[in-house]
Amino acid sequence: MTTAGAGGMLAALGRQLGFRRRDGREPGAFNHISLGSNCQMAHALKTLDLRTWSAPFDWLFTLPEMVSDCLADDFVALTDRDQLESIPEAERLGPGITRGRHRLYRARYGLECLFNHHDPAVSDTDYAFLTEGVRRLRQALSTEGTRNRLWLMSHLHIVPATMESLCDRLAGRPSRNHLTVLQLLPGNGALRLVETVEPRPDLRRLTVECASAPVGLRLADPAEDAALLAIIAHEASRLPVGLA
């Protein structure tokens, strides 16, 4: 089965489970939100009809530590246009990609590229797209009573203390928040869920072994990508106690 076919079936499953698209592209009473670390997590949530509006981490190359920084300063540094910089054409990996970086996060975390397909340093349209995503995420996090299911996925090692820091940041918001972290371990056997840990009520960590590595929006192997989507769909079908 192709990835597109599998994605369609899983989207249908999502609708059967009650994950229906809302009209409009604004936060609602219950939201599924990607915190990165790249566009793969956001794409998975959209494929499953869970993500209905754009937030800033849907399309950035980030690290969990950077996301924690953004929550700590309410995205002030992220949207500071003086910190945004175009990557010279000669340094880009190809036409239309690896277009922009962020001076602070490059110096602090070694992130050579933050903006893959956009360049908010020079494009007013791209900058508006960034700030609108921030506005929506701020709204979801700052509205009392709003329930947010936040997701983060990475094939790089995620430090446990950073997960705790993210949850602490989210717990300080008026909204009710839960974070699900997917730690991918490429280079192993066939894709399988090897561990599920809940170190605190607002955090659930899944460790997933897989043979293929992420390539753009998905895993390189279509069958593995479909299996990963099925794991995410199953997780989304269970409601954390704190969001009930």
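Residues numbered from 1 in each chain as written. Predicted model: local features only at pLDDT ≥ 70, side-chain atom pairs only at ≥ 80, totals over all residues. Heavy atoms only, no water.

1. Notes on helix α6 (residues 160–171)
Okay, so step 1: Over its twelve residues, α6 runs 17 Å from end to end, which matches the ideal 16 Å to within 8%, given 1.5 Å per residue.
Okay, so step 2: Along α6, the positions that sit buried rather than exposed are Thr162, Met163, Leu166, Cys167 and Leu170. Relative to the axis of α6, the buried residues are bounded by an arc of 140 degrees and lie together on one face. Of the residues in α6, the exposed ones pointing more than 90 degrees away from the buried face are Ala161 and Ala171.
Okay, so step 3: Along its buried surface, α6 packs onto α3 (64–72), α5 (124–142), β4 (147–154), β5 (176–185), β6 (192–200) and β7 (203–209). (Helix = DSSP H or I, 4+ residues; strand = E, 2+ residues; numbered from the N terminus. Expected span 1.5 Å × (residues − 1). Buried < 20%, exposed > 50% of the residue type's maximum accessible area, 1.4 Å probe, protein only. Arc of directions from axis to C-beta. Contact = heavy atoms within 4.5 Å.)

2. A closer look at the packing of helix α2 (residues 39–47) against helix α7 (residues 222–237)
Okay, so step 1: The interhelical angle for the contact between α2 and α7, taken along N-to-C directions, is 70 degrees, at an axis separation of 10 Å. As judged from the angle between their axes, α2 and α7 are roughly perpendicular. Judged by residue contacts, Gln40, Met41, Ala44, Leu45 and Thr47 of α2 engage Asp225, Leu228, Leu229 and Ile232 from α7.
Okay, so step 2: Among the residues forming the contact of α2 with α7, the class breakdown is six nonpolar, two polar and one charged. (Axes fitted to C-alpha atoms, helices over the stretch in contact; angles between N-to-C directions. Parallel < 35°, antiparallel > 145°, perpendicular 65-115°, else oblique. Nonpolar A, V, L, I, M, F, W, Y, C, P; charged D, E, K, R; others polar.)

3. Re the pairing of β4
Okay, so step 1: Counting buried residues along β4, seven of its eight residues qualify, which places the element largely inside the surrounding structure.
Okay, so step 2: Across five bridges, strand β1 (residues 30–34) lies against β4 in parallel orientation. Paired with Ile33 across the bridge in β4 is Leu150.
Okay, so step 3: As paired elements, β4 and β5 share eight bridges and run parallel to each other. By the bridge assignment for β5, Arg149 is matched with His178.
Okay, so step 4: Chirality of the crossover, the property in question, places the unit of β4, α6 and β5 among those that are right-handed. (Pairing = 2+ DSSP bridges. Right-handed = clockwise from strand over helix to strand, strands pointing away.)

4. Details of the nonpolar core
Okay, so step 1: Judged by nonpolar contacts, the single largest core of 35 residues is most densely connected at Phe57, Met66, Phe75, Leu78, Tyr105 and Leu179.
Okay, so step 2: Listing elements by their share of this core, those giving two or more residues are α3, α5, β4, α6 and β5.
Okay, so step 3: Among the elements that make up this core, the one with the highest residue count is α5 (six residues).
Okay, so step 4: With sequence-adjacent residues up to four places away left out, Leu179 is seen in contact with Leu35, Leu150, Trp151, Leu152, Met163, Leu166, Cys167, Leu170, Asp202, Leu203 and Arg204.
Okay, so step 5: If you look at the next biggest cluster of nonpolar residues, it comprises 20 residues, including Ala44, Leu48, Cys210 and Ile231. (Core = buried A, V, L, I, M, F, W, Y, C linked by side-chain atoms within 4.5 Å.)

5. With respect to the pattern of salt bridges
Okay, so step 1: Per the stated rule, a full pass over the model turns up 23 salt bridges.
Okay, so step 2: Ionic pairing is found between Asp119 and Arg92, a salt bridge with its closest N-O pair at 3.8 Å. With Asp119 in the loop between α4 (103–109) and α5 and Arg92 in the loop between β2 (84–86) and β3 (100–102), the pair connects residues that are 27 residues apart, well separated along the chain. In this pair, the class of Asp119 matches that of Arg92, namely buried.
Okay, so step 3: Here the salt bridges do not stand alone but share partners, grouping Glu85, Glu91, Arg101, Arg103, Arg106 and Glu112 into one network. (Salt bridge = Lys/Arg side-chain N within 4 Å of Asp/Glu carboxyl O.)

6. Here's the deal with the sheet that holds β7
The pairing of strands in a sheet happens through backbone hydrogen bonds and is either parallel or antiparallel.
Okay, so step 1: On the basis of which strands lie adjacent, the open sheet formed by five strands has the order β1-β4-β5-β7-β6 and mixed pairing. Only two strands of the sheet have a single partner each, and these edge strands are β1 and β6. Direction aside, neighbouring strands of the sheet carry axes that sit 15 degrees apart on average.
Okay, so step 2: Contacts from α7 reach β1, β4, β5, β6 and β7, with the element oriented near 155 degrees to β4.

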